[in-house]
Amino acid sequence: MNIAHTIFGVFGNATALFLFLAPSITFKRIIKNKSTEQFSGIPYPMTLLNCLLSAWYGLPFVSKDNTLVSTINGTGAAIETIYVLIFLFYAPRKEKAKIFAIFAAVLAVFATVALVSLFALHGNGRKLFCGIAATVFSIIMYASPLSIMRLVVKTKSVEYMPFFLSLFVFLCGTSWFIYGLIGRDPFVAIPNGFGCALGTVQLILYFIYCGNKGEKSTDDAEKDEKKTVEMKDEEKKKQNVVNGKKQEQQV
């Protein structure tokens, strides 16, 4: 059982690393276009909080035999911090203010959990407190792409829900869910079971809508219609000028 526990822990590390790196494709696009477009910035600070709390929970003085949980989540925290900073740099002012507020709240929550668990709690009380905190915010992290899933259904396009991100949400959630079951650790199994289910839904949505080009938003449609009307008016004016000149020549 210890061997299986370690194997799924290592596999969980590998899939989680790919999950953390999957948005790099999105951020290459953001940097290239110098715009966050319609990409949501919420998943990145929420993932950062999950990584910080999970890394803290996996430390030996909080829970035993969870070193693999700490190593990958410590790495993930560093990667997600980079994503958040890039998103803040290229986001429009309103979105920037929202993501910065979430980022500040993330740091405040982690600092509170760490200080309380370090100085006010000991033994099982510390593990229970940190485990519940990690579980709650892991579920929130997995739920953060719900807004993007709603956009996918609305626009019938998966442009803003990258396939690899959805795939590794599923693989990561599944591997850590099994890891938690083998280690009889509900604080690992429960949130990752939720992640496994949500990853499945994302993949189903992707395969339903991946062949669609998507529908334009109402604003875009209105802009196109206005542009078409203006072009027609311009053509009419030109035609009137041409007709006027012909009449003058005939006179």
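In this text the structure is predicted, and so the values were computed from the model without any measurement. (Residues numbered from 1 in each chain as written. Predicted model: local features only at pLDDT ≥ 70, side-chain atom pairs only at ≥ 80, totals over all residues. Heavy atoms only, no water.)

1. Some words on the layout of surface pockets
There is about 200 Å³ of room inside the second largest pocket. In the lining of the second largest pocket, the residues fall into four nonpolar, four polar and three charged. (1 Å grid on protein atoms, 1.4 Å probe; cavity = no way out; pocket = protein on both sides within 12 Å on 5 of 7 lines; lining within 4 Å. Points joined across faces, edges and corners; volume = space filled by probe spheres on them. Nonpolar A, V, L, I, M, F, W, Y, C, P; charged D, E, K, R; others polar.)

2. A closer look at empty space enclosed by the protein
Under the defined criterion, the tally for this structure stands at two cavities of 30 Å³ or more. Put simply, the largest cavity is a space of about 330 Å³. Secondary-structure elements contributing two or more residues to the lining of the largest cavity are α1 (2–21), α3 (43–57), α6 (123–143) and α8 (163–182). Grouping the amino acids of the lining of the largest cavity by side-chain chemistry returns 15 nonpolar, six polar and one charged. Of the volumes computed, that of the second largest cavity is approximately 250 Å³. (Helix = DSSP H or I, 4+ residues; strand = E, 2+ residues; numbered from the N terminus.)

3. Here we look at the nonpolar core
The biggest cluster of nonpolar side chains holds 56 residues, and the ones touching the most others in it are Leu 53, Tyr 57, Phe 110, Met 161 and Trp 176. With nine residues, α3 is the single largest residue contributor to this core. (Core = buried A, V, L, I, M, F, W, Y, C linked by side-chain atoms within 4.5 Å. Buried < 20%, exposed > 50% of the residue type's maximum accessible area, 1.4 Å probe, protein only.)

4. Quick word on the UniProt feature "transmembrane region" (unreviewed entry) in the protein
Under the local residue numbering, the UniProt record ascribes the feature "transmembrane region" (unreviewed entry) to residues 6–27, 39–59, 71–92, 99–122, 128–148, 160–182 and 188–209. Annotated as 88% helix and 0% strand, the span residues 99–122 places its first and last C-alpha atoms 34 Å apart. Secondary structure content for residues 188–209 is 100% helix and 0% strand, while the C-alpha to C-alpha distance between its ends is 32 Å. (UniProt positions renumbered as here; feature names shortened; annotations may be inferred.)

5. Here we look at the pattern of salt bridges
This model, assessed by the stated rule, comprises two salt bridges. Ionic pairing is found between Lys 98 and Glu 95, a salt bridge with its closest N-O pair at 3.4 Å. Taken together, the residues Lys 98 and Glu 95, both in helix α5 (residues 93–119) and three residues apart, mark about one turn of the helix. (Salt bridge = Lys/Arg side-chain N within 4 Å of Asp/Glu carboxyl O.)

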